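# Structural overview
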Amino acid sequence: MEDNSSCSSAGTALSEASFLQRTLERLSSTQCLKVSTEAPVAVIALQRYLSDQPEGQPDSYDVTVTDGVWRAKCSVHPALHHLVHSNTLRTGTDVSITQCSFVYSERRLGHGYICIEKLRCGGEMSALLPRIQDVASLPMMVKQGMERSVELQSDVPLQVSRKHYLSLWNNEDPEGDIWTSGSPSSHTVLDVSNITLLSSLESCFRNTWKPLPLLVKIIHKSRLRYYGKFGLQIDYPFQAYFEVADQSGTMSLVLWNELCPEFYQKLSVGTVLYIQNYSLKQSYSNRSHPQMDHHQMKTFHSVEICLNARNPTSVVTVVSAKSVLPQWGLPEVSYLFTTRLQLDELSNNSACDVICLVTFVGRVERVKSKGKKGPEKFWTYRWIHAVDGSSDRPFILEVFSSSQPEVFSRICPMTYLVCTQMRVCRVEGSLPYLTSSCETETFITGYHKGQPYVSDPRVKTFIQWTKTLKDNVVLQKTSVGGHYCYPRPPQTFTQSIADASAQVPLVAAADLKKEMETLQYREHKKVAIQGQITAVRYTKHPKSTESRGTEEREVPDVAPDVCEPNTQDHPSTAEQTTAPISTAEKISVRGIKRRIQTRKVKQFSLSLRSMAAKRRSSEIEEEEEEKESDSGSEDAPNVADSQQNQDSDVISWESSSWPKQKQEVSEYLCEGGLHQDSVSRRFTIDEKDVLLQRSNLQPTHWTPEQSADTSPPVVCPGFYQVTILGINKQMAIDAAFLPVVSSDDPRAVALPQDPHGNTMLSCLSSGFLCPLSHSQSTLPQPEEVLWSAGELEDMHLVCILDLCHLGGDRVEVLISKVYRVTEVSKCTAL
């Protein structure tokens, strides 16, 4: 009796301490299955899957939350999906659930779940999660009577019509517990006396025959392809291509549907397979193929081998390396390793493999797939610089996710990187770069063991070269994250009437709002607009930090701007309901505030020329301390003094017509600040994990490491904020301009360094201040650059803008190049 009483008391205390438990009890007792509540919880998982609704958004989301006592897997109402798309609702943060309902499954007995309909998002980091010792040990909350519901307790979606989750940010990466790997290979004795060769399969196609077993080796592997869409009655709509070979030649093999989760991660290049009960189909012509001329084997293109879970049920045996016999005559895996020096000799679209030492890793970004069929898809990619000792120039690599998320997310400076089947891209006026193909695989330090390429002579030569390097020297040349885009825009802007998709789209100024509104988390777009530059503002960041011989400044999370957002409108504090405020609307609201709050600034007078000349001479004749004191001396012109008194860290220029035009524009998009994520950081081993967190995408599952974000602020001398007025003077937008000022900047690689006059226009056109070197002491000061801004008055320009959604309401708007009308051409259809 006492034991029962103790258990009852403990259960009551647990219920009183748990917001989630009380919410579930209220949902169980109410008649309408919906309650308004105030449940503060932390987000520990956010998972995506294909929606089973015929209309509306193509994806659905499940979120797992905890209050420190229980965990609960809930469905996210479609009206809140925009919070996921903008990475406002994300793992590792706190939210307050303000309205939820309980949804019973109408297709299955004993299944139901909580649906979150309204919530408020908290700050950057969770205050609750660091206090929980082991989140995974917390019990999963289930409504009484539904304890046997598999969906509530396992790694499958709450909507019973779906069997698996998708990667949160793309469709190519395996996601969830269904993807098996690492199972032991077969050591059984195989009967290879009655196998057939690939060369005989073409003649057997379309004939009634019983397929004989195949004994083949994998020589190429493609990334996963997900082809799911609403109405498709296939539980696991995945496909993966492999190129397999035997002594007679090579042929494509296709892994279909359920077999992908079972086998995809077990099958690697070099793996030997014994295959029974397969089918043959005519080859699909509209697909990419790896370049395999270097194998010097016959390729059979007309048919492909299909492996399915049924009709027929294929039997796939992975043969252990120790069981492979030389008399089977299976070919060796061959590679096309190319050095950086040899890259300059390769033709466009050639394939090659590379091994190199990583020196720069850009942030992960997303771009929409160009395919028009099916639901919207995103590719994830990052830019990488890497060296191999054969040239002073690095490899420039555009690496897309290759269904190897554990490798892709861990690429960092100082690692040995291998990329296979990369394609050469040649663009006029730029150095060649390499981009991923469908058959590209990537490997980094820790993943090379057992790969066939380790015995390649060119790999051994590279390893010998790395032994001559000193880590501390290489580390000085490394960096992570920040804005990076390659290749640079061409010298002449061309608008193609025949093929509008081939160039940067020239958009109406009024459409910029839509372009920014439709951006999703880490999505990158490049657009061009016509207009004129009406104001330029240079901001020196006020909090100094130590730097390497130059004056550098700490970049706050968002660099100071003349209009500050109202915190009541910020999505992290405002309640998110079924009528969300779009990103563009927030930007527009800021624009209105800017028109009210913008301070009147004086134009630079011609006397600024004498100040610039005086500073140049002092830099030649005096020490650094004297130069700093001279910049604030009484000899400086009154205009500069006046501006410095208003804001010692801001100098600016504006056209004579801008004050009047500013009052007449109908829309002013004020997103020209500089964000921390826009500037690359120096890489250090001690900060490796934190730096990778910042440059990678938000993870699906929270880990304790997410709470350890203690990376130092980035350093930057300052940036220019450029105001662009649309050609019809109805809309204006602010864009940040961060010129390259050092040859150590990753963006300086392959930058055309033709000398120019360091005028505001020439800097905007070239993207850098000259001359570029490791030291910035010879570069002009911002006042000198801005002195020439008067030539921008009423000049008709085409401006190239890079847009990237950084999460929440942060949209990065950077100006990468401007063209005068004399540098613009138009191509018409023939």
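- Looking at an unreviewed UniProt entry, the protein chain carries the name RPA1 related single stranded DNA binding protein, with the source organism given as Champsocephalus esox.

## Regarding the pattern of salt bridges
- In the structure shown here, the tally under the stated rule is 20 salt bridges.
- In this structure, E783 and K540 form a salt bridge, with 4.0 Å as the shortest nitrogen-oxygen distance. Of this pair, E783 sits in helix α19 (residues 782–787) while K540 sits in the loop between β23 (524–539) and β24 (544–545); the two residues are 243 residues apart in sequence, bridging distant segments of the chain.
- On the basis of relative accessible area, K540 is assigned to the partly exposed category, the value being 22%.
- Between D677 and R694 there is a salt bridge, with the nearest N and O atoms lying 3.3 Å from each other. Taken together, the residues D677 in the loop between β28 (667–669) and β29 (681–682) and R694 in helix α17 (residues 688–695) connect sequence positions 17 residues apart.
- With relative accessibility at 12%, the residue D677 sits in the buried group.
- Among the ionic contacts, a cluster of salt bridges with common partners joins R363, E365 and E812.

## Concerning the nonpolar core
- Counting 61 residues, the largest nonpolar core has V63, V65, L89, I114, L397, L417 and L434 as the members making the most contacts within it.
- Excluding residues that lie within four positions of it along the chain, L434 makes contacts with L343, C352, V354, F395, I396, L397, E398, M422, R423 and V424.
- Judged by nonpolar contacts, the second largest core, of 40 residues, contains L512, C763, L786 and L803.

## Some thoughts on empty space enclosed by the protein
- Applying the stated criterion to the full structure yields 9 cavities of 30 Å³ or more.
- Looking at the largest cavity, its volume works out to about 270 Å³.
- Along the walls of the largest cavity sit 21 residues, with H483, C485, R488, R747 and S816 positioned nearest its centre.
- It is strand β34 (residues 810–820) that provides the largest number of residues to the lining of the largest cavity, a total of 3 residues.
- Considered class by class, the residues forming the lining of the largest cavity number 14 nonpolar, 3 polar and 4 charged.

What counts and how
- Residues numbered from 1 in each chain as written.
- Predicted model: local features only at pLDDT ≥ 70, side-chain atom pairs only at ≥ 80, totals over all residues.
- Heavy atoms only, no water.
- Salt bridge = Lys/Arg side-chain N within 4 Å of Asp/Glu carboxyl O.
- Helix = DSSP H or I, 4+ residues; strand = E, 2+ residues; numbered from the N terminus.
- Buried < 20%, exposed > 50% of the residue type's maximum accessible area, 1.4 Å probe, protein only.
- Core = buried A, V, L, I, M, F, W, Y, C linked by side-chain atoms within 4.5 Å.
- Contact = heavy atoms within 4.5 Å.
- 1 Å grid on protein atoms, 1.4 Å probe; cavity = no way out; pocket = protein on both sides within 12 Å on 5 of 7 lines; lining within 4 Å.
- Points joined across faces, edges and corners; volume = space filled by probe spheres on them.
- Nonpolar A, V, L, I, M, F, W, Y, C, P; charged D, E, K, R; others polar.

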